[in-house]
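# Breakdown of the fold
Okay, here's what each chain looks like letter by letter:
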Amino acid sequence: MIHVPRPRLRLRHRPILYWSLTAALALTTAWAVARAETRARAAEARWELRTLPVAAVDLAAGVTIGPDDVRTADLPALVVPAGSVPAAEMVGRSVRTDIAAGEVLIESRLAPTGVSGPAALLAADEVGVSVARTVTTPPLAEGDRVDVVVGRDPFGAGLTEVSVAVHGAVVLVVADDAVTLAVPARDAPAVVGATRDGFAELVLSAG
């Protein structure tokens, strides 16, 4: 049996290949080190402390924030919610939803500057609509959720169409003769039309 020796790759006799491989190894090493440093900086940034405004006391929906209702706290960036604004800009703003003491105050939980009262509780896509109270209206309180059942006789033939116009509307104001609700703007025409040409009844809802 004839033994045929295998050719060996001798890098020192191939300088172009040798330096190409050396350069590739150096670039790969540099890329790995840079990536590791980037990850380390990102991890460190997540734990960097930021000074944010938080509620000093429990704030109920609808109240106006006073100077003593806000304090600052240093929190890791990791737990900072989006939309936080400077504490000085919080004073005088109305609260849209209940905020517990210690919670970070963010833009989405507050009404626009200058808006107060029931209007402050409306989301951007909501409007306030009043529905007359009747003998069948259940006892209601602000913050309750109701379904708005409407009925109309569009052709005057005595055939009333009954449907649920709004699900889970939030009660804003309860008066002796009417209840004001926060309803999606797209559903408001159906409710207003029913109160004018038919009837609208409120039914307690779990939301």
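Preceding this section is the structure that the text describes.
The following refers to the structure shown. (Residues numbered from 1 in each chain as written. Predicted model: local features only at pLDDT ≥ 70, side-chain atom pairs only at ≥ 80, totals over all residues. Heavy atoms only, no water.)

### Things to note about the overall build of the protein
Per the secondary structure count, the protein includes two helices and seven strands. Going from N to C terminus, the protein has its helices and strands arranged as α-β-β-β-β-β-β-α-β. Of the contacts made within the protein by residues no fewer than 6 positions apart, 63% connect residues no fewer than 24 positions apart. (Helix = DSSP H or I, 4+ residues; strand = E, 2+ residues; numbered from the N terminus. Contact = heavy atoms within 4.5 Å.)

### Some thoughts on helix 2 (residues 188-197)
All buried positions along helix 2 are accounted for by Ala 188, Val 191, Gly 193 and Ala 194. Of the surrounding secondary structure, the elements contacted by the buried residues of helix 2 are strand 3 (126-132), strand 4 (145-152), strand 5 (161-174), strand 6 (178-184) and strand 7 (198-204). (Buried < 20%, exposed > 50% of the residue type's maximum accessible area, 1.4 Å probe, protein only.)

### Overview of the pattern of salt bridges
One pass over the full model with this rule turns up two salt bridges. Glu 107 is paired through a salt bridge with Arg 93; the nearest N and O atoms lie 2.6 Å apart. Residue Glu 107 is located in the loop between strand 2 (70-76) and strand 3, and its partner Arg 93 is located in the loop between strand 2 and strand 3; the two are separated by 14 residues in the primary sequence. Given a relative accessible area of 36%, Glu 107 falls into the partly exposed group. The exposure class assigned to Arg 93 is buried, which follows from its relative accessible area of 5%. (Salt bridge = Lys/Arg side-chain N within 4 Å of Asp/Glu carboxyl O.)

### Comments concerning the layout of surface pockets
Any space left empty among the atoms is revealed by the rolling of a water-sized probe across them. Roughly 430 Å³ of internal volume is contained in the largest pocket. Along the walls of the largest pocket sit 20 residues, with Arg 96, Leu 121, Val 170, Val 171 and Leu 172 positioned nearest its centre. Residue composition of the lining of the largest pocket, by class: ten nonpolar, six polar and four charged. (1 Å grid on protein atoms, 1.4 Å probe; cavity = no way out; pocket = protein on both sides within 12 Å on 5 of 7 lines; lining within 4 Å. Points joined across faces, edges and corners; volume = space filled by probe spheres on them. Nonpolar A, V, L, I, M, F, W, Y, C, P; charged D, E, K, R; others polar.)

### Quick notes on the environment of Ser 108
Mapping Ser 108 onto the fold places it in the loop between strand 2 and strand 3. A relative accessible area of 49% places Ser 108 in the partly exposed class. With 26 residues separating them along the chain, Ser 108 and Ala 82 place their C-alpha atoms 9.3 Å apart.

### Some words on the nonpolar core
By size, the foremost hydrophobic cluster in this structure holds 18 residues, and its most contacted members are Val 146, Val 148, Val 166, Leu 181, Val 183, Val 191 and Leu 202. Secondary structure elements with two or more residues in this core: strand 3, strand 4, strand 5, strand 6, helix 2 and strand 7. The dominant element in this core, judged by the number of residues it contributes, is strand 5, at four residues. Those residues within four positions of Val 166 in sequence are excluded, and the remaining contacts are Val 146, Asp 147, Val 148, Val 183, Pro 184, Asp 187 and Val 191. Ala 55, Ile 65, Met 90 and Leu 110 belong to the second-largest nonpolar core, a separate cluster that totals nine residues. (Core = buried A, V, L, I, M, F, W, Y, C linked by side-chain atoms within 4.5 Å.)

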